[in-house]
Amino acid sequence: MSYEFLQEYWWLLISVLGALLVFMLFVQGGQSLLLQRDISDRDRELMIGSIAHRWELTFTVLVTFGGAFFASFPLFYSTSFGGAYWIWMLILLTFVIQAVSYKYRGAEGNRLGRETYDRFLIANGIIAPVLLGGAVSTFFYGSEFTVQMAKLTNDPEVSGNVISTWGEYHGLELLANWRVVCFGLMVLFLSRIQALMWFINQIDDKDVQKWSRRQVVLNSVVFLVLFAVSMYALFTATGLKTMDTHQFQIIRYRYLLNLIQLPAAMAAFVAGTIMVLAGIARTVLKPGFRRGIWLTGPGTVLIVLALFWIAGYNSTPFYPSCTDIASSLTIYNSSSSRFTLETMSYVSLAIPFVFAYIAWVWYKLSER
Amino acid sequence: MLTAVEWSRAQFAMTAMYHWLFVPLTLGLGLIVAIMETVYVRKKLNPATAQAEAAEWLDMTKFWMRLFGVNFAIGVATGIVLEFEFGTNWSNYSWFVGDIFGAPLAIEGIFAFFCESTFFAVMFFGWEKFGIRQHCAATWLTAFGATMSAWWILVANSWMQHPVGMEFDPDQMRNVMVSFTDVALSPTAVNKFCHVVTSSWSLGACFVISVSGWYLLKGRHTGFAIRSMKVAGVAGLAGIMGTMISGDTSAVQVTKDQPMKLAAMEGLYEGRPGTDLVGFGILNPDKKWDNDEDAMLVEIKIPRGLSILGRHDPDAFIPGIKDIIEGRDIVDGKEVNTVNYSERILRGRIAQKALRDYGRARECNDMVGMKEAREKLAKHYRFFGYGYLGKVDEAIPPVAMTFYPFHIMVILGGWLLVFLCASVWILFRRQEWMKFRIAGWQVFPWLAMAAAPVAWVCSQCGWIVAEVGRQPWTIQDIMPVQAAISSVGPGNVKLTFFIFLILFTCLLMAEIGIMVKQIKDKK
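Here is what the cut-offs are and how they apply
Residues numbered from 1 in each chain as written. Chains lettered and ligands numbered in written order. Predicted model: local features only at pLDDT ≥ 70, side-chain atom pairs only at ≥ 80, totals over all residues. Helix = DSSP H or I, 4+ residues; strand = E, 2+ residues; numbered from the N terminus. Rg over C-alpha atoms; globule rule 2.2 N^0.38 Å. Buried ≥ 20, exposed ≤ 12 C-beta atoms within 10 Å, placed from the backbone. Expected span 1.5 Å × (residues − 1). Core = buried A, V, L, I, M, F, W, Y, C linked by C-beta atoms within 7 Å. Contact = placed C-beta atoms within 7 Å. Domains from an automatic or database assignment. Nonpolar A, V, L, I, M, F, W, Y, C, P; charged D, E, K, R; others polar. Axes fitted to C-alpha atoms, helices over the stretch in contact; angles between N-to-C directions. Parallel < 35°, antiparallel > 145°, perpendicular 65-115°, else oblique. Left-handed = near helix turned anticlockwise from the far one by under 90°. Pairing = 2+ DSSP bridges. Arc of directions from axis to C-beta.

### What to know about the overall build of chain B
So, point 1. Tallying secondary structure elements over chain B gives 16 helices and 10 strands in all.
So, point 2. Computed over the C-alpha atoms, the radius of gyration of chain B is 25 Å, within 12% of the 24 Å expected from 2.2 N^0.38 for a compact globule of 523 residues.
So, point 3. With the principal axes as the frame, chain B shows a C-alpha extent of 85 × 50 × 45 Å.
So, point 4. Looking at chain B as a whole, 53% of its 523 residues qualify as buried.

Structure below.
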């Protein structure tokens, strides 16, 4: 296996984990719906009950996504996490409060009260998809950082010894970028639609079904507007092309060109978009249709895969620097060594078995 | 004013200490619940056993499983913060050794954490949907997943304490892995895993014994309490014995690989053949490595104890802090020059300059210059990290923060061994002794109730010794903390420190409240 193949293989695995993470954010989408005031307490409990068994899996996918990124592209881990400090800290904070909430909210002796934990769930449900979506969008729109390896040599003529440096706002500046915010909101509304599809599929209750279908319409309208705007912004955006390890050329419509030049990405994007739209349309138009999640779920996975591919393949730096183009990260200049990638690739062969037992457990737990 | 390095250290230490309140309980209680459920399944499937007896074991399993579940959630919540803090607060570190360090974390996620969290869902929500054998297997797999998770995390931690299986690549300006098996199966990792996991078994057991002790004191659920204590007593005794054995091996490894840590653990400044072990002591705060003050204000010594502990030889020389700084050691009766710290700093700076020269030569495509720089770098690289230090004093860990936790850990660990031995004896042979009183004070239930806090203090002290004792190194001899950080300012880290401190404290209080309620209201 060549080094380039291993680097591309690991980007593929990161794409798969990222796509699964976005799909699993339906748990967060469901939590964000708890903010709605037109739900009875009974319906609220039914909804929470249907996603309560799933939070661990979203959490685990997030941990694995982080671990896999660390193992395969440590320079990204070092640059993004240490730089966009506040974005990642806020994401962490909301996942911490989510992790305890399902178990503690209904427990006797719960001193903070059920409402507090419900607020925690809502906070995680809204903030996590927006910030994770926003963080992913920086793969296209870039961030303000520089990378100087030479600082590790403790050179007395160079100030500071931290290789990755950022602006003073440490990630908060991303919230002032409308394209990043729009992308994050799109992920939030997508996760809400997925959650509604999940409720329709899982909860045998007329009131919940009726409410969920009504909400699908409202959330889909918002999602489709955000999706259209985000995709327009993405496909008209200027991107970079790698000429040499640290040399890049600015290219107009970079991501649209990538989509055209990568047939697999184009196929995944088109198929995914059709599946998401079909899932929404059939759920809205056919009152007895409950399998929308089986269309929107895989559709979401395909769209996210396509987005990761156009971000990192075809000689595109997946983490462009807006401050110093030469510092931009590609899957080739930010990856682990060949030895580590190869070793980890053997480890990754076990992933299908892991997914198999997760699917079996999921199936058994979902049996009525 | 604390610097960003100090706030980052404080934040990581605080997160790790909170995390370590929950994880050993998950590891220990997971094992005990799995044992209880196995007994239940055996009794349930055995036609000769009364079903009422099986129901009692099911009741025990479910009760301790509920408490396990309350603890599990907060354990994973604090764990994810630790993983991401390597990136957020230690970004130089993440690049410099991410090639090696990231792998165990990824493997933990792929294998252990998925296993743990998937079967955790079966444990709690699968009673009606899975057969009893399948459910019992899920409980074991949850405990196994948690233990495997600990394995990979400890592989990562051990590698920081004793880096192996890697080499420095000047072209990439980082360390790269050259042997996965050396990293994954290093003797330090194997021993640390044994030490941590067995100590966690004893902590989980002490938790069960403490709660059961409260029931005994109140005269409630005594049958349940005694059965629980029997399972926990045996698991805890096995655990504490394993901890002692692996602790002994650990002392030998620390003596060999991290002599400065051992010296700090013992407050030892000047060694000699047949070095005594301080059983109890109060450090002299005025003592420095280069003055003639006595190291201790008060001490009770065990003759030749440290030589036996560190090198399994009553006559062995154990170097003190001054010896190490001055580069003096005696191995097998022969004086050995271990390179004094002034020279290490000098050689570290030579290595760093060689790396700069290598980079410049590469830019100019100067092959001769690259070769020379590379050779010089390879010659001095083992002291690379010392080049970041200003003076030798910076290479000494905080002695008091290492010495006192070490002694507290040893004393409390010794007490737990005695207590668990006695408990098992009483529970299986002399149950009437459980009612023994002194001046109306019920001795056994009260001692049982004290077991869990003692085990927690002991466990926390163990990690303080391991982590404070290796300061200033994030990676032993290669990267000190001040070279490992991110570019985040101290104000940002200070704010997140207090946010997490308040959050973790609130969640801890919430967890305790829920557990206490569930214990009190047991039907």
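### Here we look at helix 2 (residues 51-88) of chain B
So, point 1. Between its terminal C-alpha atoms helix 2 of chain B stretches 55 Å, which fits the 56 Å expected from 38 residues at 1.5 Å a residue.
So, point 2. In terms of burial, helix 2 of chain B is a largely internal element, 27 of the 38 residues being buried.

### What to know about the nonpolar core
So, point 1. Among the nonpolar cores identified, the biggest contains 293 residues, and A:Met186, A:Ala306, B:Ile32 and B:Trp64 are the most heavily contacted of them.
So, point 2. Looking at this core, the element that brings in the most residues is helix 3 (residues 91-125) of chain B, giving 21 residues.
So, point 3. Those residues within four positions of A:Met186 in sequence are excluded, and the remaining contacts are A:Gly133, A:Phe223, A:Leu226, A:Phe227 and A:Ser230.

### Regarding the domain arrangement of chain B
All names here are of chain B.
So, point 1. You can read the domains of chain B as domain 1 (4-258 + 397-520), domain 2 (262-337) and domain 3 (341-393).
So, point 2. On a C-alpha basis, the centres of domain 1 and domain 3 stand 40 Å from each other.
So, point 3. Between domain 1 and domain 3, the residue contacts involve 9 residues of the former and 11 residues of the latter.
So, point 4. Secondary structure elements with two or more residues in the side of domain 1 that touches domain 3: strand 10 (479-480) and helix 15 (481-484).
So, point 5. The residue makeup of the side of domain 1 that touches domain 3, split by class, is 7 nonpolar, 1 polar and 1 charged.

### Observations concerning the interface of chain A and chain B
So, point 1. Tallying the contact residues gives 65 residues for chain A and 68 residues for chain B.
So, point 2. Elements with a contribution of two residues or more to the side of chain A that touches chain B: helix 4 (55-72), helix 5 (74-83), helix 6 (85-105), strand 2 (164-166), helix 13 (338-348) and helix 14 (351-366) of chain A.

### What about unusual backbone geometry?
So, point 1. With an omega of 10°, the peptide bond between B:Gln471 and B:Pro472 qualifies as cis.
So, point 2. If you trace the backbone, B:Pro472 turns up in the loop between helix 14 (443-468) and strand 9 (473-475).
So, point 3. A positive phi angle, close to 60°, is found at A:Asn154, a residue other than glycine.
So, point 4. For A:Asn154, the position within the fold is in the loop between strand 1 (145-147) and strand 2.
So, point 5. Positive phi outside glycine occurs at B:Met173, with the angle close to 55°.
So, point 6. Position of B:Met173 relative to the elements: it lies in the loop between strand 1 (166-169) and strand 2 (174-177).

### Regarding the packing of helix 8 (residues 178-202) of chain A against helix 9 (residues 206-235) of chain A
A pair of packed helices is characterised by two quantities: the angle between their axes and the separation of those axes.
Residues and elements named next belong to chain A.
So, point 1. Where helix 8 meets helix 9, the axes come as close as 8 Å, and the angle between the chain directions of the two elements is 155°. The pairing of helix 8 with helix 9 is recorded here as roughly antiparallel in orientation. Crossing angle aside, the handedness with which helix 8 passes helix 9 is left-handed.
So, point 2. Partitioned by chemical class, the residues of the contact of helix 8 with helix 9 number 18 nonpolar, 6 polar and 3 charged.

### Considerations on the pairing of strand 4 (residues 247-251) of chain A
Residue and element names in this part refer to chain A.
So, point 1. Sheet topology note: the strand 3 (residues 239-244)/strand 4 ladder contains 5 bridges and is antiparallel. Opposite leucine 240, over in strand 4, you have isoleucine 250 as the bridge partner.
So, point 2. Where strand 3 hands over to strand 4, the hairpin turn is made up of 2 residues, counted between the paired strands.

### Describing helix 13 of chain A
So, point 1. Within the sequence span of helix 13 of chain A, burial applies to A:Thr340, A:Leu341, A:Thr343, A:Met344 and A:Ser348. Within helix 13 of chain A, the buried residues cover an arc of 165° as seen down the axis, which keeps them to one side.
So, point 2. Where the residues of helix 13 of chain A are buried, they touch helix 1 (3-24), helix 4 and helix 14 of chain A together with helix 3, strand 2 and helix 5 (180-184) of chain B.

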